[in-house]
Amino acid sequence: MGKKYLIALHRGPDFDCVTCRFMIELAYNIGPEDEVQVVFVEHGKMYESPVSEDTTVIHADTGGILDPMQNCFDHHNSGNLLDEEISGRDCDPSSANAIFNAFPNRFRHDQLIQALVNLTNRVDSGHREQRENQDQDTRNELITKIRSINIKRRTKFWLSEFQDPKEPRHIVTMFYQLMNLFWAGKLSELQALDMAVAALEAWYFTNSTLQHKLETLMSDAELVENNGLRIMILPDSDLWPKMIRYHIRSTRRWRDMVDVWVTHNPKEKKFGITCMSEDLEHDLKKICRLIKGVDPNLTEDDMHLESFVLYVNETKKITPSLIRQAVLELGKKARLKAGNE
Ligand SMILES: [Mn+2]
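So, how was this worked out
- Residues numbered from 1 in each chain as written.
- Predicted model: local features only at pLDDT ≥ 70, side-chain atom pairs only at ≥ 80, totals over all residues.
- Axes fitted to C-alpha atoms, helices over the stretch in contact; angles between N-to-C directions.
- Helix = DSSP H or I, 4+ residues; strand = E, 2+ residues; numbered from the N terminus.
- Parallel < 35°, antiparallel > 145°, perpendicular 65-115°, else oblique.
- Left-handed = near helix turned anticlockwise from the far one by under 90°.
- Contact = placed C-beta atoms within 7 Å.
- Nonpolar A, V, L, I, M, F, W, Y, C, P; charged D, E, K, R; others polar.
- Pairing = 2+ DSSP bridges.

**Examining the packing of helix 1 (residues 15-27) against helix 9 (residues 189-219)**
Look at helix 1 against helix 9: their axes get within 9 Å of each other, and the N-to-C directions meet at 55°. Taken together, the axes of helix 1 and helix 9 lie oblique to each other. Between helix 1 and helix 9 lies a crossing of right-handed hand. Together, Cys-17, Val-18, Arg-21 and Phe-22 of helix 1 and Leu-193, Ala-196, Val-197, Leu-200 and Glu-201 of helix 9 make up the contact between the two elements. By residue class, the composition of the contact of helix 1 with helix 9 is seven nonpolar, no polar and two charged.

Following this line, the structure appears as structure tokens:
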């Protein structure tokens, strides 16, 4: 049998509430068999109504108390009379940050959650400016989109429009648009919150799976050092080269380790090559010339540059070993150039 939870947040929820609601699910290991009820209370207040004995009541971003043992996570913890040292000390920048610190085993090594909490810390204090600076067109477009949604449908179903958010900051924008609809009386605050939480779930679960896939791919990669140029040849995969590039760039361990990397997608018969250096375009053009040098019959269609990745079609002549040879050649040329200067 599932467990019962009641999560109390403050009226007119902000993005901190969204992040807390999402992180509570991870921290308390809440599954689909469990029952979760979300209630909104006046700013700073506790939920006072009686609940059944088997219900765990969790307060986040309201209640004035920061006490993980009591399931209370409010960074505005000046009301915590039981613990005067805590109220005197610097408060957490957000309640999400307080939850993060309260569950080190769950969150400490989770880079995605760390990034989400950092974002929440920034927007929780500055979301007003963010709201004002939004591009009016994007805003209207989104509002029209949301209006066209049948709000009577079940949350996760009508979320399909937002199910593939690329980054949590897009969800921040989306959430405040939804809150504008709430203030205009077109959406309940629970609907706005649920949509944003579902979007966060989509972002988190897609990316944690992807992150795992990428890490596996990287650990199986071949790293060749040629005259100081570090080349990473990744195993065959159908992962999007742009995604791999983004992952390498945003992971320090990889970023400091690789200069050039090569992917091969045997299904689409395509190679992806990119450089991590600052002189990226120059380097990629050099690779273009090198590959053309090996196969002069190569046409424009066989090779194109897109979003910092050079794509090369696999043909009878353009084989994995040819690409390898061309990329290793780059190491030699780089050394020569350095020697001349
Ligand atoms: Mn708040």
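This is not the end of the story, as more comes after the structure.
**A word on the sheet that holds strand 7 (residues 229-233)**
Pairing is mixed across the open sheet formed by six strands, whose spatial order is 6-7-8-9-11-10. Edge strands, defined here as strands with exactly one partner in the open sheet, are strand 6 (222-226) and strand 10 (303-306). The mean inter-strand angle of the sheet, taken between neighbouring strand axes irrespective of direction, is 20°. Strand direction decides the pairing type here: strand 10 and strand 11 (residues 309-313), joined by four bridges, are antiparallel. Bridge pairing in strand 11 links Glu-306 to Val-309.

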